[in-house]
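Each chain, written out:
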Amino acid sequence: EEALHGVLARDTTCFPQQIGLAATFDPALGHDMGRAIAAEARARGIGEVFAPVMDLSRDPRYGRMEESYGEDTFLSARFAGAGVRGLQGDDLSAPDAVAAEPKHFCAYGTPVGGLNCAPCANSKHEVYSDHLPVFEAAYLEAGAMNAMCSYTAVDSVPVSMDRELLTGVLREKWGMRGFVRSDMTAVSRLWDWFFITGDPDEAIRLGLEAGVDLQLFDFSHEKWREGIETLIEQGRMDRAVLENAARRVLRVKMLLGLFENPYADEEREAVMLRHPAHLALAEKIADESLVLLKNQGGLLPLSKNIGTIALVGPCADSHMLGDYIADGTRSVTLLEAMKAAVSEKTVILHE
């Protein structure tokens, strides 16, 4: 399940977005947030999460910048490693640990023109010098289990068919133990977006042979299975490619202990979801993420003696929690919080 800043499910704790987390400059908070997310995810029966996001974001036009740790390679790498260690803990089979699937490998956060899913705007040199060190910290230092393959293309080569990245770097250089999942349609785009091939089966072959092990519904499950069968039967793909992919998926399931303990402990859900410690941690991260540029005249904290306050803007009375939020997520708007902070005599003008 998605868990960028909390498990994407009802009644779970919503943490600040990663851009806010990074603004704390405290990777230990990222570790603790990972531990809390893992405990809530596993209590819901979720053994793997599509997180953390490790894309460097340097173009303000990019609409998913809030999901990233920002623009800096060093800072992002420190948070990437801390987040993975928090999610995975010391034992993947523990009831408060999940397999991390860092995304989007790689260079997804700097698309041409800031357009989501566009090719990478950076050269291959920049990808290796600036982007990959963030993922390296997650895999080589923190032992991240899996990877999500991005839509993007680097120097016109789509990542979903780039064996150098998916096998040479991830597995042979960094020793990743788990599997690569395609971001939704990353493999099918070899056929219908990049036009590398006019044959959907050939797109499946290019992805699998490069190092993709599992699709995220690029095709229907029937088409994915039938395409693999056809490729092997026609001698266009070695059966060992399929066996390697299956082995990697099964290895992760075994490490998670899913064969010994396939079901979640239902009693843990009522205890772990929105646990008081998790709510307190979310508030602490929010507090630490704030940057007060100037407090002229000691305006803050707000005094109960203030006569009138004007609160203006689209974020004033709406739940601006970012993307990947479950319906029904509980929160307090700025207007509601301000009313609670001042006296009943204070007039708050809101527009």
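Residues numbered from 1 in each chain as written. Predicted model: local features only at pLDDT ≥ 70, side-chain atom pairs only at ≥ 80, totals over all residues. Heavy atoms only, no water.

**What about the packing of aromatic side chains?**
- A full pass over the atoms with the stated rule returns 8 aromatic pairs.
- For the ring pair Phe 105 and Phe 135, a centre distance of 5.2 Å and an interplane angle of 85° mean the geometry is edge-to-face. Placement of Phe 105 in the loop between β2 (99-100) and α4 (124-141) and of Phe 135 in helix α4 is noted, with a sequence separation of 30 residues between them.
- Overall, the relative accessible area of 1% leaves Phe 105 in the buried class. (Phe/Tyr/Trp six-rings, centres within 6.5 Å; stacked < 30°, edge-to-face > 60°. Helix = DSSP H or I, 4+ residues; strand = E, 2+ residues; numbered from the N terminus. Buried < 20%, exposed > 50% of the residue type's maximum accessible area, 1.4 Å probe, protein only.)

**Focus on the layout of surface pockets**
- Within this model, the largest pocket holds a volume of roughly 1,300 Å³.
- For the largest pocket, the lining is made up of 28 residues, of which Pro 16, Ala 286, Met 320, Leu 321 and Val 332 are closest to its centre.
- Of all elements in the fold, only α11 (276-289) and α12 (334-341) reach the threshold of two or more residues within the lining of the largest pocket.
- A per-element tally of the lining of the largest pocket places α11 first, with 6 residues.
- Considering only residue class, the lining of the largest pocket consists of 13 nonpolar, 10 polar and 5 charged.
- Roughly 280 Å³ of volume is contained in the second largest pocket.
- Forming the boundary of the second largest pocket are 17 residues, of which Arg 42, Asn 261, Tyr 263, Ala 264 and Asp 265 lie nearest the centre.
- For the lining of the second largest pocket, the residue count by class is 9 nonpolar, 5 polar and 3 charged. (1 Å grid on protein atoms, 1.4 Å probe; cavity = no way out; pocket = protein on both sides within 12 Å on 5 of 7 lines; lining within 4 Å. Points joined across faces, edges and corners; volume = space filled by probe spheres on them. Nonpolar A, V, L, I, M, F, W, Y, C, P; charged D, E, K, R; others polar.)

**A few points about a negative patch on the surface**
- A contiguous patch of negative charge on the surface is contributed by Asp 26, Asp 32, Glu 283, Asp 287 and Glu 288.
- Positionally, Asp 287 belongs in helix α11.
- A relative accessible area of 49% places Asp 287 in the partly exposed class. (Patch = residues over 30% accessible without salt bridge, like charges linked within 9 Å, V, L, I, M, F, W, Y side chains within 5 Å. Areas by Shrake-Rupley, 256 points an atom, 1.4 Å probe, with all protein chains shown as cover. Salt bridge = Lys/Arg side-chain N within 4 Å of Asp/Glu carboxyl O. Lys, Arg positive; Asp, Glu negative; His and termini not counted. Charge placed at Lys NZ, Arg CZ, Asp CG, Glu CD.)

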